[in-house]
Amino acid sequence: METLKKINLINGEFNSFEAREILMDMCNKNINFNKVQNFSSQIRFGEDDEKAIHRIDQLRESVAHISEILEEAKAHNRKLKIKSFIEIDYED
């Protein structure tokens, strides 16, 4: 499938505090979005949205991994270079 647009969201060097703020905010917003999706499914259909539940689990794993990286960077007083892109495609 052809990518319509690739957008650079984050590109820079950050200390561990800045990186934590940026990355955790992105993850937490995505987790909350999926929680709302699941809640909506529960209200409308009386069942969980399995896709949202699975995505929440994936994001929580990512948060744990990111936390480890951030703690290591903080302990060694290292900056982190972060690049983040999104690709937007039409779905068939």
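Residues numbered from 1 in each chain as written. Predicted model: local features only at pLDDT ≥ 70, side-chain atom pairs only at ≥ 80, totals over all residues. Heavy atoms only, no water.

J.: Would you explain the overall build of the protein chain in this entry?
T.: Scanning the protein chain from N- to C-terminus turns up 2 helices and 2 strands. Counting from the amino terminus, the protein chain carries its helices and strands in the arrangement β-α-α-β. The C-alpha radius of gyration computed for the protein chain amounts to 16 Å, which surpasses the reference 12 Å derived for 92 residues by more than 25%, pointing to a less compact arrangement than a globule. Among the 92 residues that make up the protein chain, the fraction classed as buried is 24%. A separation threshold of at least 6 residues defines the contact pool for the protein chain, and within that pool the share at least 24 residues apart is 77%. (Helix = DSSP H or I, 4+ residues; strand = E, 2+ residues; numbered from the N terminus. Rg over C-alpha atoms; globule rule 2.2 N^0.38 Å. Buried < 20%, exposed > 50% of the residue type's maximum accessible area, 1.4 Å probe, protein only. Contact = heavy atoms within 4.5 Å.)

J.: Please explain the side chain of Ser16 as it appears in this structure.
T.: Locating Ser16 in the fold gives a position in helix α1 (residues 16–45). Exposure remark for Ser16: the relative accessible area of 15% places this residue in the buried category. Not counting residues up to four positions away in its chain, the partners in contact with Ser16 are Leu70, Ala73, Lys74 and Arg78.

J.: Can you help me understand the environment of Phe14 in this one?
T.: With respect to the helices and strands, Phe14 occurs in strand β1 (residues 5–14). With a relative accessible area of 15%, Phe14 lands in the buried category. The sequence separation of Phe14 and Lys81 amounts to 67 residues, and the corresponding C-alpha distance is 6.4 Å. Residues contacting Phe14, with those up to four places away along its chain left out, are Ala19, Ile22, Lys79, Leu80 and Ile82.

J.: Could you clarify how one ought to interpret the packing of α1 against helix α2 (residues 50–75) in this entry?
T.: Two packed helices can be described by the angle between their axes and the distance between those axes. Where α1 contacts α2, the axes come no closer than 9 Å and their chain directions differ by 170 degrees. Comparing the axis directions of α1 and α2 gives the class roughly antiparallel. Here the residues of the contact of α1 with α2 are counted per class, giving 13 nonpolar, 6 polar and 6 charged. (Axes fitted to C-alpha atoms, helices over the stretch in contact; angles between N-to-C directions. Parallel < 35°, antiparallel > 145°, perpendicular 65-115°, else oblique. Nonpolar A, V, L, I, M, F, W, Y, C, P; charged D, E, K, R; others polar.)

J.: Could you clarify how one ought to interpret the pattern of salt bridges in this entry?
T.: If you walk through the whole model with that rule in mind, you get 1 salt bridge. Across the pair Glu71 and Arg20 runs a salt bridge whose closest N-O atoms are separated by 2.8 Å. Of this pair, Glu71 sits in helix α2 while Arg20 sits in helix α1, and the two are 51 residues apart along the sequence. (Salt bridge = Lys/Arg side-chain N within 4 Å of Asp/Glu carboxyl O.)

J.: Honestly, the nonpolar core in this entry has me stumped. Any pointers?
T.: Ranked by size, the top nonpolar core spans 15 residues in total, and within it Ala19, Ile66, Leu70, Leu80 and Ile82 carry the most contacts. For this core, the secondary structure elements donating two or more residues are β1, α1, α2 and β2 (80–88). Here this core gets 6 residues from one element, more than from any other, and that element is α2. Aside from chain neighbours lying at most four places away, what touches Leu70 is Ser16, Ala19, Arg20, Met24 and Leu80. (Core = buried A, V, L, I, M, F, W, Y, C linked by side-chain atoms within 4.5 Å.)

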